[in-house]
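Chain by chain, the residues:
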Amino acid sequence: MTIPAVQPWMVLTLSSFIFIVGLAGIVLRRNILVMLMCIELMLNATVLSFVSFSKIAFDMTGELTAFFIIVVAAAESAVGLGLLIAMFRTLRSVDSDQIRLLKE
Amino acid sequence: MDVGSPLFFYLFAGIAMTASLMVVVNKNPVSSAMSLIVAFVALAAVYALLGAHLIAAMQILVYTGAVTVLFVFVIMLLNADFPSLDLARTSRSVRAFTVFLLAGLIGIFAFIFRATEFGLIQGGFTPEIISAKGGNTKVVSELMFSEFILAFEVVGILLLASIVAVVIVAMRKNAESGGGR
């Protein structure tokens, strides 16, 4: 039994699968912690896409961009969690349904 | 596409897909964070199989070493480690419709990627040239400090700005006691 070789479309489909699972988490979940985790998943799917195109085209720019995306994602998660702490201090909740100050 | 061993690629791709689904489905945020670690490690293995060794190491260091620990730290700080029943609040039909639409989107993406012949302009970094120049890490590092030095500096400024922003946002404001700390 021989294992089929990996084609570029398999890697790109894996990337889009993870991106869309993250999108589903953003849409369906109300817990902001989990929503931030899903943003990380989506950014990671983008990194995978950049790395695979870098491999397909024999070009290193994709990997450099992937590195910068990782740095920006780390900064983003730090700011997001800081905002989450500030929100928890006023609302006593991590639920996005509780953000309704403008409605009241 | 040469990925070393196809078996390992399929194995780690399966682990990454399962773990990323678990992140969304799990009720407890701590379980979600643990699934996120598994997904990140599996993705790091996929990057390593694709030949991006520096990105794989960065993934382990930054994501599983810093970001996920930060998540678990915040969960413990806020005492948020109880099951949240937020998935059950959306109606069943809306959930089913969303999952159906997004699954269809994955199918469309897979179909398009499979049908497309990528007519990309080929760069000069074939695996032979990379290994002749001293490996992936060396090539990426040399590019980072020559051609991409401006982006590197800008990213450094961004990190500094985000540190300042987090301190300002998360600082407890005591307006009545004269501001300051």
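Note that the structure is a prediction, hence the values are computed from the model and not measured.

Basis of the calculations
Each chain has its residues counted from 1, running along the sequence as written. For this description, chains carry letters from A and ligands carry numbers from 1, given in the order in which they are written. Since the coordinates come from a predicted model, pLDDT governs what is reported: local features require at least 70, and pairs of side-chain atoms require 80 or more to be given and counted, while whole-chain, interface and lining totals use all residues. Where helices and strands are cited, they refer to DSSP runs of H or I of at least four residues and of E of at least two residues respectively, numbered from the N terminus. Exposure criterion: with C-beta atoms placed from backbone coordinates, a residue whose C-beta has 20 or more other C-beta atoms within 10 Å is buried, one with 12 or fewer is exposed, and one in between is partly exposed. This entry defines residue contacts through backbone-placed C-beta atoms, with two residues in contact when those atoms are within 7 Å. Throughout, an axis means a line fitted to C-alpha atoms (over the contacting stretch in the case of helices), and angles, computed between N-to-C directions, take values from 0 to 180 degrees. Working rule for angles: under 35 degrees goes down as roughly parallel, over 145 as roughly antiparallel, 65 to 115 as roughly perpendicular, anything else as oblique. In this classification, Asp, Glu, Lys and Arg are treated as charged, Ala, Val, Leu, Ile, Met, Phe, Trp, Tyr, Cys and Pro as nonpolar, and every other residue, Gly included, as polar. Every helix has an expected span of 1.5 Å times one less than the residues it contains. Note on terminology: a nonpolar core is a set of buried residues of type Ala, Val, Leu, Ile, Met, Phe, Trp, Tyr or Cys, with members joined through C-beta atoms within 7 Å. For any helix crossing, the convention is left-handed if the near helix is rotated counterclockwise from the far helix by under a right angle, and right-handed if that rotation is clockwise. Confidence scores per residue from the predictor, reported as pLDDT, run from 0 to 100.

## Topic: the overall build of chain A
(1) Moving on: For chain A, the helix and strand inventory stands at 3 helices and 0 strands.
(2) Moving on: Shown N-terminal to C-terminal, the secondary structure of chain A runs as helices and strands in the order α-α-α.
(3) Moving on: Seen through its principal axes, chain A has C-alpha atoms that stretch 60 × 30 × 25 Å.
(4) Moving on: Buried positions account for 52% of the 104 residues belonging to chain A.
(5) Moving on: Considering only intrachain contacts with a sequence separation of at least 6, the fraction spanning at least 24 residues in chain A is 48%.

## Looking at the environment of A39(B)
(1) Moving on: By the element assignment, A39(B) lies in helix 2 (residues 29-49).
(2) Moving on: Taking the C-alpha atoms as reference, A39(B) lies 5.1 Å from A19(B); in sequence the two are 20 residues apart.
(3) Moving on: Setting aside residues up to four positions removed in sequence, A39(B) forms contacts with L41(A), A16(B), A19(B), S20(B) and V23(B).

## Observations concerning the packing of helix 2 of chain B against helix 3 (residues 53-77) of chain B
Axis angle and axis distance: for two packed helices, these are the angle between their axes and the distance between the axes, and together they describe the pair.
Residue and element names in this part refer to chain B.
(1) Moving on: Look at helix 2 against helix 3: their axes get within 8 Å of each other, and the N-to-C directions meet at 175 degrees. Viewed along their axes, helix 2 and helix 3 adopt a mutual orientation that is roughly antiparallel. The residues of helix 3 that touch helix 2, namely those facing P29, V30, A33, L36, I37, F40, V41, L43, A44, Y47 and A48, are H53, I55, A56, Q59, I60, Y63, T64, T68, F71, V72 and I75.
(2) Moving on: Here the residues of the contact of helix 2 with helix 3 sort into 18 nonpolar, 4 polar and no charged.

## Examining helix 3 (residues 61-91) of chain A
(1) Moving on: Between its terminal C-alpha atoms helix 3 of chain A stretches 44 Å, which fits the 45 Å expected from 31 residues at 1.5 Å a residue.
(2) Moving on: Phi turns positive one or two residues past the end of helix 3 of chain A, at R92(A), with a value near 60 degrees.

## Considering the interface of chain A and chain B
(1) Moving on: Taken together, the contact between chain A and chain B spans 61 residues of the former and 73 residues of the latter.
(2) Moving on: Of all the elements in the fold, those that place two or more residues in the side of chain A that touches chain B are helix 1 (8-28), helix 2 (32-57) and helix 3 of chain A.
(3) Moving on: For the side of chain A that touches chain B, the leading source of residues is helix 3 of chain A, giving 20 residues.
(4) Moving on: Residue composition of the side of chain A that touches chain B, by class: 45 nonpolar, 9 polar and 7 charged.

## A closer look at the nonpolar core
(1) Moving on: Grouped together as the largest cluster of nonpolar side chains are 69 residues, with contacts concentrated most on L33(A), M37(A), V51(A), A16(B), V46(B), Y47(B) and I55(B).
(2) Moving on: Where this core is concerned, the elements lending two or more residues are helix 1, helix 2 and helix 3 of chain A together with helix 1 (6-25), helix 2 and helix 3 of chain B.
(3) Moving on: For this core, the element with the highest residue contribution is helix 2 of chain A, accounting for 15 residues.

## Section: the packing of helix 1 of chain A against helix 4 (residues 92-115) of chain B
(1) Moving on: Interhelical geometry of helix 1 of chain A versus helix 4 of chain B gives an angle of 160 degrees and a closest axis separation of 9 Å. One element, helix 1 of chain A, and the other, helix 4 of chain B, form an angle in the roughly antiparallel class. Considering the relative orientation of helix 1 of chain A and helix 4 of chain B, their crossing is right-handed. Across from W9(A), L12(A), T13(A), S16(A), F17(A), I20(A), L23(A), A24(A), V27(A) and L28(A) in helix 1 of chain A, the residues of helix 4 of chain B making contact are R95(B), T98(B), V99(B), L102(B), L105(B), I106(B), F109(B), A110(B), F113(B) and R114(B).
(2) Moving on: Classifying every residue of the contact of helix 1 of chain A with helix 4 of chain B by side-chain character gives 15 nonpolar, 3 polar and 2 charged.

## Quick look at the environment of A170(B)
(1) Moving on: In this fold, A170(B) is placed in helix 7 (residues 149-170).
(2) Moving on: In sequence terms A170(B) and L120(B) are 50 residues apart; their C-alpha atoms lie 46 Å from each other.
(3) Moving on: If we ignore the near neighbours within four places in the chain, the residues touching A170(B) are G82(A), I85(A) and A86(A).

## Brief notes about the confidence of the model for chain B
Residue and element names in this part refer to chain B.
(1) Moving on: In the predicted model, chain B carries a mean pLDDT of 87, and the fraction of residues at 70 or more is 95%.
(2) Moving on: When pLDDT is averaged over each helix and strand of chain B, the minimum, 82, is found for helix 5 (residues 127-132) and the maximum, 94, for helix 2.
(3) Moving on: Low pLDDT, under 50, characterises residues 177-181; the stretch is placed with 0 contacts to residues that sit more than four places away or in other chains.
(4) Moving on: Interface confidence for the predicted complex, given as ipTM, is 0.91, next to a pTM of 0.90.

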